[in-house]
2 protein chains.
Amino acid sequence: MTQPLRLGIAGLGTVGVGVVRIVQRHADLLAARTGREIVISAISARSQRDRGVRLSSYAWENDPVALAVRDDVDVFVELMGGSEGPAKSAIEAAIASGKDVVTANKALLALHGQSLATAAEAKGVTIRYEAAVAGGIPVIKALTEGLVGNEITRVMGVMNGTCNYILTRMQDAGLDYQTVFAECEKLGYLEADPTLDVGGIDAGHKLAILVSLAFGTQIDFEALTIEGIERISVEDIEQAADMGYRVKLLGVAQKTGRGIDARMTPCLVPDTSPLGQLPGATNMVVLEGDSVGKIVLRGAGAGEGPTASAVMSDICDLARGVRLPVFGIPAAKLAPAAKGVSAPPAAWYLRMKLVDKPGALAKIAAVLGDAGISIDRMRQYGHDEQDAPVLIVTHKASRDALDLAIAAMAGTGVLSSDPVAIRIEDV
Amino acid sequence: MTQPLRLGIAGLGTVGVGVVRIVQRHADLLAARTGREIVISAISARSQRDRGVRLSSYAWENDPVALAVRDDVDVFVELMGGSEGPAKSAIEAAIASGKDVVTANKALLALHGQSLATAAEAKGVTIRYEAAVAGGIPVIKALTEGLVGNEITRVMGVMNGTCNYILTRMQDAGLDYQTVFAECEKLGYLEADPTLDVGGIDAGHKLAILVSLAFGTQIDFEALTIEGIERISVEDIEQAADMGYRVKLLGVAQKTGRGIDARMTPCLVPDTSPLGQLPGATNMVVLEGDSVGKIVLRGAGAGEGPTASAVMSDICDLARGVRLPVFGIPAAKLAPAAKGVSAPPAAWYLRMKLVDKPGALAKIAAVLGDAGISIDRMRQYGHDEQDAPVLIVTHKASRDALDLAIAAMAGTGVLSSDPVAIRIEDV
């Protein structure tokens, strides 16, 4: 048997502790499977408090940078999080001293992945990050290895469990967004800055990683269109359900004639599709390739066990000597990301309230017709004293055409609320 | 860039042609992703007929064994099929001459995997077979690499598209088994020996592979319990649907106190579960690990593109220098498979016809009670002149207890048809 693989683990939150537990519990299994012992040399965290796991046999470093460059560390495992600060400095230090890196840090990769990959490849080391996307689901491996023989045509994913929990809970309990958001806050389901979750940013970071891997482009978070779930109302969820749709915060990335269309936005999907049937905090990624067709992967997107499982997958690959380019092909060969690529036309769900007088609906229909948008379904679903709520499902139209039509609607004088528009994605 | 990886491909059926097409179409992409050119040196097939793909630049061998040992072949790609004969001889010859092997041949692995793995590892080469299980779904990779940090607790799968197509079609069209079987024969959906499909043998071969990988045991097809779908009636499908279940040919393998329970049999699963919702010829594998929880993988289980995609995944791993033990851990360390391990108790669906006279149902209920089997639901669902059809769902009971009860039912004199029993699996 070759020399043990020696880990330095920085960050002992849920995931870090999970990794320590697996290394301790499954030492024999890991050695049998990788042909090497996997050991922890040193650890680092913000405090030395008791975490319910045996740590006394590992060297302790207060400074993650010091940990990253230790001679007795082969792989630096970064589980601190944060796109700047100590996580970034420590990873840079590890690379500079010729060590491979395993991280779960999607924000750091989304914002600095290209420069980190360039640095790593110049030093002949790599950065692995299976845990950064969709928790325990081995999606990075499926995409870069399992589907390596494919030109990837589309990637889709529900990759923020909190958002999917909120949307599912709104639907199941008939509660409005604010109420469910408050529940989540109380239950500790939200990040310290909840915008990272509900604003679609965390899921966007993950999508940025998948885009780079799928399409061979430099990672570029700024090139994505991001929209959160804050404006989704329980009324939209219920009306959509009534028409056979579910609302999901859905990431979509696909090739178009003008570059990669990549966005993380609320969409409607059919309730009979695997994405539509995804409950609660579960994650799902759909990969489409020119040979393989459509592969659907589903599992827990967060939590100690699933995330630590993904981190261990990277560690074991390194133990086995598997060392691929950070983003699937060498960083120098990645194409620049295209920005401002508009999404292909789609069907749209439109909800608005009209003043309750004759001809109001006709005016809205005329505006859509003038914009070249044809109507698939339209219904008025009961009204209160002065407003008539109206639902429209359009045939395929571009976002631009739709925005023009919505702007023109304002000029008709028959709107009594701003129209809500949600894209209906063909999944 | 290192030397090209040179393939010798034996077998130019659907999958072989698919592999040639990918190598030709994506030469640049494959080279970028693996860091090496992937080229075809030589091919072999039963005839030199036109297959709609350019083959003239490759050397031709009539004999696959001669192909397997050529000096200009690094990897022998076996896509002929068959558990004995030329496929086996050629793989053995390739190993003996120090070449890695990629195959899609589940039957060969299920029956001879242990001796082939031993031979390969003695020569320092490996055998890869992602395409042997669930077509394009990268399930071998997910299990052995993505979930490498887990003790696997259970594996489940619907892995024969033809069976799932037949069962789905019976339900959707209300047709009986014989009619749908005849349709499939006409459409060319069945193997030359259809028992391989509908008898559960093909799916059983795949399960045998997953069992070895999941639990570190020697591959042993004979250790599995196999039962086909031939005896599933449209009446059972419809009655099960009415109670919220779907009938699936389901592979299940899990640890029990007495060894690995591994079986490929028709089961009922809830229609709301991912397995229950799996339509038509699609495949699904569910992997459960102690850290990761439950991972669900879904995709096409057969066909040129999906299967060739899986073959290319193996080829590209070899191009990248990834060379793992054939069954995850070295063949010499695999534990012998345990045989005759009985499945844990389960709820059962029971359907029978009773003679239409007072007290008949009470007698059946008494027999179940005497066997220690309690009844969850029971209903009589309309009757013709002399028979009263009865459905029973039991609480959890062992197969042995159920078999004793069914034997005792025969002695009551109230049965007018043999009871049908289908296991209800907790998925």
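Residues numbered from 1 in each chain as written. Chains lettered and ligands numbered in written order. Predicted model: local features only at pLDDT ≥ 70, side-chain atom pairs only at ≥ 80, totals over all residues. Heavy atoms only, no water.

## Describing the packing of aromatic side chains
All names here are of chain A.
- Applying the stated criterion to the full structure yields 6 aromatic pairs over all chains.
- Residues Tyr-129 and Phe-327 carry aromatic rings whose centres are separated by 5.7 Å and whose planes lie at 40° to one another, so their mutual orientation is tilted. Of the two residues, Tyr-129 sits in the loop between β6 (127-128) and α6 (139-146) while Phe-327 sits in the loop between α12 (304-319) and β13 (347-355), which places them 198 residues apart along the sequence. Here the two residues Tyr-129 and Phe-327 agree in accessibility, since each one is buried. (Phe/Tyr/Trp six-rings, centres within 6.5 Å; stacked < 30°, edge-to-face > 60°. Helix = DSSP H or I, 4+ residues; strand = E, 2+ residues; numbered from the N terminus. Buried < 20%, exposed > 50% of the residue type's maximum accessible area, 1.4 Å probe, protein only.)

## Concerning the pairing of strand β15 (residues 387-394) of chain A
All names here are of chain A.
- Across the 8 residues of β15, 8 count as buried, placing the element largely inside the fold.
- A two-sided burial pattern is seen for β15, the buried positions comprising Asp-387, Pro-389, Leu-391 and Val-393 on one face and Ala-388, Val-390, Ile-392 and Thr-394 on the other.
- Across 7 bridges, β13 lies against β15 in antiparallel orientation. Bridge pairing in β15 links Arg-351 to Leu-391. (Pairing = 2+ DSSP bridges.)

## Examining the sheet that holds β6(A)
All names here are of chain A.
- Strand order across the open sheet formed by 6 strands is β3-β2-β1-β4-β5-β6, with parallel pairing between neighbours. Either end of the sheet is taken by a strand with one partner, and the two such strands are β3 (59-60) and β6.
- In this structure, strand β1 (residues 5-10) lies alongside strand β2 (residues 38-44), joined through 6 bridges in parallel fashion. Residue pairing in the sheet places Arg-6 in a bridge with Val-39 of β2.
- Those strands touched by helix α4 (residues 86-96) are β4 (75-78), β5 (100-103) and β6, and its axis lies near 170° from that of β4. (Contact = heavy atoms within 4.5 Å. Axes fitted to C-alpha atoms, helices over the stretch in contact; angles between N-to-C directions.)

## Looking at the interface of chain B and chain A
- Contacts between the two partners involve 46 residues from chain B, matched on the other side by 46 residues from chain A.
- Summed over both partners, the interface of chain B with chain A comes to about 3800 Å²; 56% of that surface belongs to carbon and sulfur atoms.
- On the surface where chain B and chain A come into contact, there are 4 salt bridges.
- Between Lys141(B) and Glu145(A) there is a salt bridge; the shortest N-O distance is 2.8 Å.
- Applying the counting rule to chain B against chain A returns 20 residue pairs in polar contact (both at pLDDT 80 or more). (Buried area = accessible area lost by both parts, 1.4 Å probe. Salt bridge = Lys/Arg side-chain N within 4 Å of Asp/Glu carboxyl O. Polar contact = N/O pair within 3.5 Å; in protein donor to acceptor, adjacent residues only side chain to side chain.)

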